[in-house]
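Spelled out from the first residue to the last, the chains are:
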Amino acid sequence: MYPTSKSRFCYGQRNTELPEPPSSYFNLNVSHGHDEWEESIAGEQPGLAAASLEIAKNTPAGKNGRRTVRMADYCKYYALSLQARIPFASTSSQKKFFGSSRVILDETAKASWYASLEKNSSQMIMQELQDYFQIPVLEDENVYIEIGRDGSGNVDSAAYGPPEKGSDAYYTSCQSVDLGNALCFVIQGHSVFGKPMDFSQVPGGYGIYRIPYTSEGALQPDALTMVHSLNPSIEILSLSLSEDGSRILLQTLEDGFYCLTVLHAETFKELQYTAYPLQKTADHTVPSLFRGENRLAVLSANMQQLMILAEKDDGTYQSVFTARLPEKLMEMQNFTDYDCLLYTDDRLFIAGSLYTTDNGGDRPYGFYIAVYDETGLLYYGEYETSLLEQLHSQSYSYWTQEMTIRH
């Protein structure tokens, strides 16, 4: 029997007012160039577009042609694509950028391509980013390409993707924050199999990058710089801003340690780098992250260890609480972003929905409450309620967003 807690739990709404995130984003992706090929274009096609054209030429009408190709046979560097949205400083309007680049090695052809691009256009900006990020293609990355022709011989479908197994691959998994006059972003530095990518041809090497933009929302890739060096073997978990926007928070996974890096948002001076050990599992490597007012929460991949980091007066963070979750909660594997976390007065409160798979699909039937102090688990209880039938018919997340712990 656990001791009785003096805290109360009630059903009600409690919204924590966090600052609105800037209405902007910056997403740099691997493109491969396979979406730019056209049968009507004569001459050399860029990247995997050349392989697509080869397959199309050998595919008869009414048939599909499919082939697995080694990327390094067609591409020296990864072609990139960009999706970005930048707010205007003077109005409520926004400027959007999107497009793919071409990796052109021949200098004459490259000059001709640049001459055809409009200054400050999405395509020109994307091409300048491509020239900055010269990342060599993995030697062992394979992709399949499938081209379909209709009965008249016209190409009516195209599909691309990794083979079913056995091939490494690289994805940028870009994350960014808006500093008000520039964007800071970071891309993943290693392959799917964990091989560090070659950033030796990228100015400054691998790290966090800063790209400024004008008051009219125009990106300035000619002023792109690397502002904080990183090891490409680390796993990027999250890049975010502190609540007042004065600090950049980088959360990473490094050799089984959860690491928090805090940078000054103007000078990029490192204010903190702290590594915390996490329990390792064979099947999962990435912990789950949660954020509250002046708090960061880290849940280990095996869902056994929960750590709370609190912001100090100097803007750095310290671990204030570490707990082992109840066995029942670990078995359910349902700890999600919608669950409610509250740390106050040296106690941690966790509340969330309980689900059943009866009659097909996950249906909420109640909720759990767990209360901890520094000595361990004080209370754990599960409750059933008839209120959930109505809430389930509206949405799954409504229940957990509405639940509140009041101390």
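That block above? That's the structure.
(A) Inspection of the sheet that holds strand S11 (residues 225-229) at higher detail. Taken in spatial order, the 4 strands line up as S8-S9-S10-S11 in an open sheet, and their pairing is antiparallel. In this open sheet, the two edge strands, each paired with only one partner strand, are strand S8 (175-178) and S11. Strand-to-strand twist across the sheet, computed as the mean angle between neighbouring axes with direction ignored, equals 25°. Direction of pairing for strand S9 (residues 182-186) relative to strand S10 (residues 207-212): antiparallel, over a ladder of 4 bridges. The residue of S10 that forms the bridge with Cys 184 is Arg 210.

(B) Structural view of the side chain of Asp 168. Note on placement: Asp 168 falls in the loop between strand S7 (155-161) and S8. The buried charged residue Asp 168 lacks any salt bridge, with Lys 195 as its nearest oppositely charged partner at 6.4 Å. In terms of polar contacts, Asp 168 uses its side chain to reach the side chain of Ser 191, at 2.7 Å. A polar atom in the side chain of Asp 168 sits 3.0 Å from the backbone nitrogen of Phe 193.

(C) Representation of the pairing of S8. Pairing analysis gives 4 bridges linking S8 to S9, with the strands arranged antiparallel. Bridge pairing in S9 places Ser 176 opposite Phe 185. The turn joining S8 and S9, which pair antiparallel and follow one another in sequence, is formed by 3 residues; a positive phi near 100° is taken by Gly 180.

(D) Summary view of the environment of Val 227. In this fold, Val 227 is placed in strand S11. For Val 227, a relative accessible area of 22% puts it in the partly exposed group. Residues Val 227 and Tyr 209, spaced 18 residues apart in sequence, show a C-alpha to C-alpha distance of 5.6 Å. Apart from the residues lying within four places of it in its own chain, the contact partners of Val 227 are Ile 208, Arg 210 and Phe 268.

(E) Region of the structure containing a nonpolar patch on the surface. On the surface, Tyr 171, Val 192 and Phe 193 cluster together to form a nonpolar patch covering roughly 330 Å² of accessible area. Topologically, Val 192 is positioned in the loop between S9 and S10. By relative accessible area, which is 52% here, Val 192 ends up exposed.

(F) Here's a closer look at the sheet that holds strand S14 (residues 257-264). Spatially, the 4 strands line up as an open sheet ordered S12-S13-S14-S15, and their pairing is antiparallel. The open sheet terminates on both sides in strands that have one partner only, identified here as strand S12 (235-241) and strand S15 (270-277). Along the sheet, successive strands turn relative to each other by an average axial angle of 15°, direction set aside. The sheet contact formed by strand S13 (residues 247-254) and S14 spans 8 bridges and is antiparallel. Each residue of the ladder has a partner; that of Leu 253, found in S14, is Tyr 258.

(G) Structural context of the packing of aromatic side chains. Going through the model one piece at a time under the given rule, you end up with 11 aromatic pairs. Ring pairing ties together the aromatic residues Phe 26, Tyr 132, Phe 133, Phe 185 and Tyr 209, which thus form one cluster. Above the ring of Tyr 144, the side-chain terminus of Arg 66 is found at 3.8 Å from the ring centroid.

(H) Fine view of the nonpolar core. Counting residues in each nonpolar core, the largest one holds 54 residues, and the members touching the most others are Phe 26, Leu 28, Phe 133, Phe 185 and Leu 219. Apart from the residues within four sequence positions on either side, Phe 26 is in contact with Leu 82, Gln 83, Ala 84, Leu 129, Cys 174, Ser 176, Leu 183, Phe 185, Ile 211 and Leu 219. Ranked by size, the runner-up nonpolar core spans 16 residues in total, among them Leu 299, Ile 350, Ala 370 and Tyr 372.

(I) Helix H1 (residues 48-57), seen in detail. Counting buried positions along H1 yields 7 of 10 residues, so the element is predominantly enclosed. If you check which residues of H1 are buried, you get Leu 48, Ala 49, Ala 51, Ser 52, Leu 53, Ile 55 and Ala 56. Lining the buried residues of H1 we find strand S3 (64-70), strand S6 (142-149) and S7.

(J) Helix H3 (residues 122-132), seen in detail. Burial analysis of H3 places 8 of its 11 residues in the buried class, the great majority of the element. Residues of H3 that are buried include every one of Ser 122, Met 124, Ile 125, Met 126, Gln 127, Leu 129, Gln 130 and Tyr 132, and no others.

How each quantity is defined
- Residues numbered from 1 in each chain as written.
- Predicted model: local features only at pLDDT ≥ 70, side-chain atom pairs only at ≥ 80, totals over all residues.
- Heavy atoms only, no water.
- Pairing = 2+ DSSP bridges.
- Helix = DSSP H or I, 4+ residues; strand = E, 2+ residues; numbered from the N terminus.
- Axes fitted to C-alpha atoms, helices over the stretch in contact; angles between N-to-C directions.
- Buried < 20%, exposed > 50% of the residue type's maximum accessible area, 1.4 Å probe, protein only.
- Lys, Arg positive; Asp, Glu negative; His and termini not counted.
- Salt bridge = Lys/Arg side-chain N within 4 Å of Asp/Glu carboxyl O.
- Polar contact = N/O pair within 3.5 Å; in protein donor to acceptor, adjacent residues only side chain to side chain.
- Contact = heavy atoms within 4.5 Å.
- Patch = residues over 30% accessible without salt bridge, like charges linked within 9 Å, V, L, I, M, F, W, Y side chains within 5 Å.
- Areas by Shrake-Rupley, 256 points an atom, 1.4 Å probe, with all protein chains shown as cover.
- Phe/Tyr/Trp six-rings, centres within 6.5 Å; stacked < 30°, edge-to-face > 60°.
- Lys NZ or Arg CZ within 6 Å of the ring centre and 35° of its normal.
- Core = buried A, V, L, I, M, F, W, Y, C linked by side-chain atoms within 4.5 Å.

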